[in-house]
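Coordinate analysis (summary)
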Protein chains: 2
Amino acid sequence: ISSNNEYFYGIKKEWPLVDHTEGQLFLNDTFKIIMEEVLCKGTDIKHKVCEWKEPKELALLLDLELRATGEPQHRLLQRVQDVAKYSIKTSHPRFMNQQFGGVDYHALAGRFLTEALNTNLYTYEVAPVFVLMEAEVLRGLRQLVGWTEGDGLFCPGGSASNMYAMNIARYQHFPEVKSQGLCGLPRLNIFTSSDSHYSVKKGAAFLGIGTDNVIIVEVDEGGRMIPDDLDEKITLAKSQGAVPFFVSCTSGTTVRGAFDPLDLIADVCEKHKLWMHVDVSHPVYNTNPCLLTSFCCTVLDLLRKCHSANATYLFQQDKFYDLNLDVGDKSVQCSRKVDCLKLWLMWKAVGSIGFAERVDKAFNQARYLVEQMKKREGFHLLQEPEFVNVCFWFIPPSMRGKEGMADYQDRLAKVAPVIKERMMKQGTMMVGYQPLGNKVNFFRMVVFSPLLTQKDMDFFLDEIERLGKDL
Amino acid sequence: ISSNNEYFYGIKKEWPLVDHTEGQLFLNDTFKIIMEEVLCKGTDIKHKVCEWKEPKELALLLDLELRATGEPQHRLLQRVQDVAKYSIKTSHPRFMNQQFGGVDYHALAGRFLTEALNTNLYTYEVAPVFVLMEAEVLRGLRQLVGWTEGDGLFCPGGSASNMYAMNIARYQHFPEVKSQGLCGLPRLNIFTSSDSHYSVKKGAAFLGIGTDNVIIVEVDEGGRMIPDDLDEKITLAKSQGAVPFFVSCTSGTTVRGAFDPLDLIADVCEKHKLWMHVDVSHPVYNTNPCLLTSFCCTVLDLLRKCHSANATYLFQQDKFYDLNLDVGDKSVQCSRKVDCLKLWLMWKAVGSIGFAERVDKAFNQARYLVEQMKKREGFHLLQEPEFVNVCFWFIPPSMRGKEGMADYQDRLAKVAPVIKERMMKQGTMMVGYQPLGNKVNFFRMVVFSPLLTQKDMDFFLDEIERLGKDL
């Protein structure tokens, strides 16, 4: 398989473990294991979605310890096999925890190629294809939301994207903060809803703004930010000497999948001259959510001005090509992983129409699930879903019709954790649960995967009933 | 290849592009292209290290535009081929730009498996194998530096790691900053050397500390921080009302590969009670530098206290396993990519001894290169290398012996950019250059790859001579 054996024969004697031929054989064998364990068995309903082990037992099974000497190839392949076996099959049709939406082979091919090419998105010099490709993917994403201009970056996740947004908004309001910091500035305030993602608070802490300066805006019964409450809280904050500068809205909240009313919030932001940010981190396009998130802002060149450090050892000013192609100084990272290829290849494969069809399909399945729930006795919806998040309580037979009992809520709170434990230990299914405000533990089924069928939805309901019937 | 065709036949009709059989064929074909283009030709000296194209020409060749409709598989495979062809071959023996050190097949196998498993390092629930594995890899890394306890995380790069360190140090000095922010606090000061990585300043800006509050400490002739200057600048800062809290040292600086004198700096930090951080981001172990970086701190549980948000929708308190295994709240990210598997598999393959041998080998090649340079007329070392960074000027024949001329430095500054342009346009080799302080453009050859041979070093020198002989 190698065309350069001759060149590396000299190496082989002194350096056996980086021999290309042996290495490529190992990679080939690993690829076979990935195909069989992760992509065939791992997406097959005849196999478990997870192979639950207690942490101590799993640590023993995996023999994780790192030692002084290396191991032979056959043993390493067994390790690859073990890692695959005991990992959660997030592409399995019975994996209905949040965040993952089945496998997409074009995206996965793009990810393999990205890993093999192993480059870094900071200069055109080392990433000519990806500098141009990232710009095109960002342009395409902007077009989807109707913007004709803007700038952006792929960031390592939604939390980082939210922090970028805060930092850029802060820089726009107070450019001197980049050099002088927050010391001496008035207290800055950020506004977000009680249902927004926790990364808004984490980001505020990290950026030196402080979690107390994240003002929580009330939500309506559907989990959507109330614009009037936002307006009042901004006015109140100003009267107390703080400087509001940033409103973080959410399109598709984490738990309920609610959409804040952007038009009305925009009016409030306009009135008070605040930066309006929209957090849209839901991975409907089913690539890895860790990496899908992009960030767009409408102010050209602000990214670079806000984040540049002009390091001469990377962004030399006497290069022989257009320096605007060295995008690295827009980022707070130096090395930045290539995240655009998987989305680009997927987009080329299915087109915007294909994306739209997938979203439609996910909505259809979510609607089907809700209809079926209404036909069954034990399922109680938290609310009518606005998005693909279907939140519900399962009421075990013994508790039905007893809503008036004093310990009803306490008992209900204990149902979801037990069902979850059972499904994981049996490996039949995975779905998330959580409390929210004064609502005790409820399940959150997020229907992202275009691979899910009505049969999967029926199985889901049957399985919850089976696991919870004696509670 | 698929064991679940039956299950998905129903899907195929309505949803052709997510058919498993077709998808796996595509992935298989992509894998073959990766093997041939990236791993065989891309590491073969008979092929170019880069296929230079002007940005406009490349954009046309790649047909990047994203459209409404999808494309057939054979066309997508051609795109995979094109992306591979026009990307830089960072594993090529002639790629001597900073940061990449050849291909490691075990690491790459680990990366493919990571991508295929597509999970997220926040809870034991979704990443049982990787939660335990990351802890073990971090323990192993701590052991390499002689620590018996500590905590850590894999972060998306060295810049993020430096920011984590600053944030934790700030939290240790002023725990209230997490909730209240920097408003009302005195001006905080960070100290780092003039040769440190630019991420220290970027991080200070991002964290609201401000770049002016990064006090630059002088370096000696070798590029190492001068502890006496640090001591004086800390004292001066205090006298001016600032609060020093953080010293960022570097082991292996970006350009010169210098090592700050940690023992002496530790004494200064001890005296002033400052947090001492060591930035060690050099990717000697040749996995992707974007992802290799880990962060360790000696104070147990500070990571969690500093960064936690206790989101109940993710870190439910009534789970059926030990909640300490849900490591996500130590991070400022929510979704966090799995970065430990590639390093773990590599470590299992070669052992700590294998790592040490690779480092030795890189040092040996760097020494050989320096010896050979001294034997040739046109190479002028910036200094004796302390690490594997070999910094040098190439003096073209026409300039030799003319150091006294008025425009000598101006002319010398123009040599490296021209040679770099020529090597990239011919695709024979890649190596970085930059100015540093009052030193005009010089080449920086970083010898990371254990695959490099003396023959490669000889080629490197011959090629620089060939490309620069008429300048």
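Reading the values: the criteria
- Residues numbered from 1 in each chain as written.
- Chains lettered and ligands numbered in written order.
- Predicted model: local features only at pLDDT ≥ 70, side-chain atom pairs only at ≥ 80, totals over all residues.
- Heavy atoms only, no water.
- Helix = DSSP H or I, 4+ residues; strand = E, 2+ residues; numbered from the N terminus.
- Buried < 20%, exposed > 50% of the residue type's maximum accessible area, 1.4 Å probe, protein only.
- Polar contact = N/O pair within 3.5 Å; in protein donor to acceptor, adjacent residues only side chain to side chain.
- Contact = heavy atoms within 4.5 Å.
- Expected span 1.5 Å × (residues − 1).
- Bend = angle between axes of the 7 residues up to and from the residue.
- Salt bridge = Lys/Arg side-chain N within 4 Å of Asp/Glu carboxyl O.
- Pairing = 2+ DSSP bridges.
- Axes fitted to C-alpha atoms, helices over the stretch in contact; angles between N-to-C directions.

You can see Glu 71 of chain B is positioned in the loop between α3 (55–62) and α4 (73–86). By relative accessible area, which is 12% here, Glu 71 of chain B ends up buried. Within the local environment of Glu 71 of chain B, its side chain forms a polar contact with the side chain of Arg 79 of chain B, the two groups lying 2.6 Å apart. Setting aside anything within four residues of it in sequence, one finds Glu 71 of chain B in contact with Lys 348 and Ala 349 of chain A together with Leu 76 and Arg 79 of chain B.

In this section: helix α2 (residues 20–40) of chain A. Residue and element names in this part refer to chain A. The end-to-end C-alpha distance of α2 is 28 Å, a good match for the 30 Å that 21 residues give at a rise of 1.5 Å each. At Ile 34, α2 shows its largest bend, some 30 degrees. Where α2 begins, the capping side chain belongs to Asp 19, and its oxygen is found 3.2 Å from the backbone nitrogen of Thr 21.

Within the structure shown, the criterion is met by 84 salt bridges over all chains. Arg 67 of chain A is the partner of Asp 63 of chain A in a salt bridge, and the nearest nitrogen-oxygen pair spans 2.6 Å. Here Arg 67 of chain A falls in the partly exposed class, since its relative accessible area comes to 32%. Here the salt bridges share partners, and the residues they tie into one network are Asp 63, Glu 65, Arg 67, Glu 71, Arg 75 and Arg 79 of chain A together with Lys 348 of chain B.

Right, let's get into the sheet that holds strand β5 (residues 243–250) of chain A. All names here are of chain A. The strand order across the open sheet built from 4 strands is β4-β3-β5-β6, with neighbouring strands paired in parallel fashion. Only two strands of the sheet have a single neighbouring strand rather than two, namely β4 (214–217) and β6 (275–279). Direction aside, neighbouring strands of the sheet carry axes that sit 25 degrees apart on average. In terms of strand pairing, β5 meets β6 through 5 bridges, oriented parallel. Note on β6: the bridge partner recorded for Ser 248 is His 277. Packing against the sheet, helix α10 (residues 227–239) makes contact with β3 (188–193), β4 and β5, and its axis sits at approximately 150 degrees to β4.

Let us look at the sheet that holds strand β4 (residues 214–217) of chain B. All names here are of chain B. Here we have 4 strands laid out as an open sheet, ordered β4-β3-β5-β6, and parallel in their pairing. Both edges of this open sheet fall to β4 and β6 (275–279), since each of them pairs with a single strand only. Strand-to-strand twist across the sheet, computed as the mean angle between neighbouring axes with direction ignored, equals 25 degrees. As defined by bridge partners, strand β3 (residues 188–193) adjoins strand β5 (residues 243–250) across 5 bridges and the pair is classed as parallel. The residue bridging Phe 191 from the neighbouring strand is Val 247, located in β5. Packing against the sheet, helix α9 (residues 199–206) makes contact with β3, β4 and β5, and its axis sits at approximately 160 degrees to β4.

Keep in mind that these numbers describe shape and distance, not what the molecule does.
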